[in-house]
Amino acid sequence: MVKLIADGGSTKTHWMLIDANGKCIPFLTQGMNPFFQNDETILRVLRMELIYPMRQEGVEPESVTSLHYYGAGVRDAQRERFTSLLSQAFPNAQLGVASDLLAAARALFGDKPGIACILGTGSNSGLYDGQQIVENIPALGYILGDEGSGAVLGKRFIGALFKGMLPDTLKEEYLSDTGQELADVIDKVYRQPMPNRYLATAAKFVKHHLDCEPLRLLVIQHFREFFQRNTALYQRPDLPIGAVGGIACHFQELLDEAAALEGTAIAQVLEHPIESLAMFHHNHPEIL
């Protein structure tokens, strides 16, 4: 049997192929979000960024017998569509398609209950009973929600920068580093595709400038709002909270500080859950 497991975010998708000898081979593609990308784009990503390098490893897509895909934007309305696209690329595979939130929960807690969080380009959270997500406060995307995410952090940072709420020297450095002017930012956000990805790229600059106290406070408030508007609403202080994603990992110190200010704590942080997911499916071969 050849298994393929995917943890898909809006920016990147991490894949783990387990061949017939039990060897694990990782792959990385761009993210595939059915809310933002059409069928042709998703199939092109699968064929060019996944299947082509798989063939270089001597693995044909027809040899994949099971595929567990967890992805951003995979909800009930999109699951059938995404299953159809994956079946075109991997015609002989038994398919299990679920949200990236369930991937986070299984990677963080296995078969134990907890509150699973995603803090990457986007954000999400869910109450996990050890088997399924049983309650989900809607993330609502980076315009209406997505507190704690890289996209919203970037949106708030850039907004504060141009409204004069952060030092002028910081604005000058940001514009110099990125080679942009305000007109370029407006174009990227309002006229170009995938503005959420663009906004999230500002998180790297933010990370390297946390010695600026107003910026540090902005980041802490950003995470406090994630706890206030998401995890607190489950009203389950008895359960551990875990988080996956690059924002959770790279800003863990400030995430912990924000949690403490909200009277809670983060029990575990994983940047990439793919290895833990592979172990979960190894221990639970009956689950698709």
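Quick note: structure is the one above.
Please read all numbers here as calculations on a predicted model, not as lab measurements.

### Observations regarding a nonpolar patch on the surface
1) Next: Together, L140, I143 and L144 line one region of the surface with nonpolar side chains, adding up to about 350 Å² of accessible area.
2) Next: Structurally, the position occupied by I143 is in helix 4 (residues 141-144).
3) Next: Residue classification places I143 among the exposed positions, given a relative accessible area of 63%.

### Structural notes on the packing of helix 3 (residues 100-109) against helix 13 (residues 274-283)
1) Next: Remark: helix 3 packs on helix 13, axes separated minimally by 8 Å, with the N-to-C direction vectors making an angle of 80°. One way to sum up the angle between helix 3 and helix 13 is to call them roughly perpendicular. Residues A103, R106 and A107 of helix 3 touch helix 13, and the partners they reach there are S276, L277, F280 and H281.
2) Next: Its residues assigned to classes, the contact of helix 3 with helix 13 comprises four nonpolar, two polar and one charged.

### Some details on helix 13
1) Next: Listing the buried residues of helix 13 in full gives I274, L277, A278, F280 and H281. Take helix 13 and look down its axis: the buried residues cluster within an arc of 160°, on one side only. Turned more than 90 degrees away from the buried face of helix 13 sit E275 and H282, all of them exposed.

### As for the packing of helix 5 (residues 150-162) against helix 10 (residues 213-229)
1) Next: Axis separation between helix 5 and helix 10 bottoms out at 11 Å; the angle between their running directions is 140°. Classed by the angle they form, the pair helix 5 and helix 10 counts as oblique. Here helix 5 and helix 10 pass one another in a crossing that is right-handed. Side by side, helix 5 and helix 10 meet where V152, L153, R156, F157 and A160 of the first sit next to L215, L218, V219, H222 and E225 of the second.
2) Next: Residues of the contact of helix 5 with helix 10, tallied by class, amount to seven nonpolar, one polar and two charged.

### Focus: the sheet that holds strand 2 (residues 12-18)
1) Next: On the basis of which strands lie adjacent, the open sheet formed by five strands has the order 3-2-1-4-5 and mixed pairing. Edge positions in the sheet fall to strand 3 (24-30) and strand 5 (94-99), since each has one partner strand and no second. Going from strand to strand, the sheet's axes swing by 15° on average, the running direction of each strand aside.
2) Next: Pairing between strand 2 and strand 3: seven bridges, direction antiparallel. When the sheet's bridge partners are listed, W15 is paired in strand 3 with F27.
3) Next: Against the sheet, helix 1 (residues 39-56) contacts strand 1 (3-8), strand 2 and strand 3, and its axis sits at roughly 155° relative to strand 3.
4) Next: The sheet contacts of helix 3 involve strand 1, strand 4 (66-71) and strand 5, and relative to strand 5 the element is tilted by about 90°.

### Let's talk about the pattern of salt bridges
1) Next: Counted under the stated rule, the structure contains nine salt bridges.
2) Next: Here D187 and R191 are joined by a salt bridge, their closest N and O atoms 4.0 Å apart.
3) Next: Here D187 falls in the partly exposed class, since its relative accessible area comes to 25%.

### Focus: unusual backbone geometry
1) Next: Look at L140: it is not a glycine, yet its phi comes out positive at around 70°.
2) Next: Tracing the sequence through the fold places L140 in the loop between strand 8 (133-135) and helix 4.
3) Next: Look at L140 and you get exposed, because its relative accessible area is 54%.
4) Next: Here M194, not a glycine, exhibits a phi torsion of approximately 55°, which is positive.
5) Next: M194 sits in the buried class, given a relative accessible area of 17%.

Analysis parameters
Residues numbered from 1 in each chain as written. Predicted model: local features only at pLDDT ≥ 70, side-chain atom pairs only at ≥ 80, totals over all residues. Heavy atoms only, no water. Patch = residues over 30% accessible without salt bridge, like charges linked within 9 Å, V, L, I, M, F, W, Y side chains within 5 Å. Areas by Shrake-Rupley, 256 points an atom, 1.4 Å probe, with all protein chains shown as cover. Salt bridge = Lys/Arg side-chain N within 4 Å of Asp/Glu carboxyl O. Helix = DSSP H or I, 4+ residues; strand = E, 2+ residues; numbered from the N terminus. Buried < 20%, exposed > 50% of the residue type's maximum accessible area, 1.4 Å probe, protein only. Axes fitted to C-alpha atoms, helices over the stretch in contact; angles between N-to-C directions. Parallel < 35°, antiparallel > 145°, perpendicular 65-115°, else oblique. Contact = heavy atoms within 4.5 Å. Nonpolar A, V, L, I, M, F, W, Y, C, P; charged D, E, K, R; others polar. Arc of directions from axis to C-beta. Left-handed = near helix turned anticlockwise from the far one by under 90°. Pairing = 2+ DSSP bridges.

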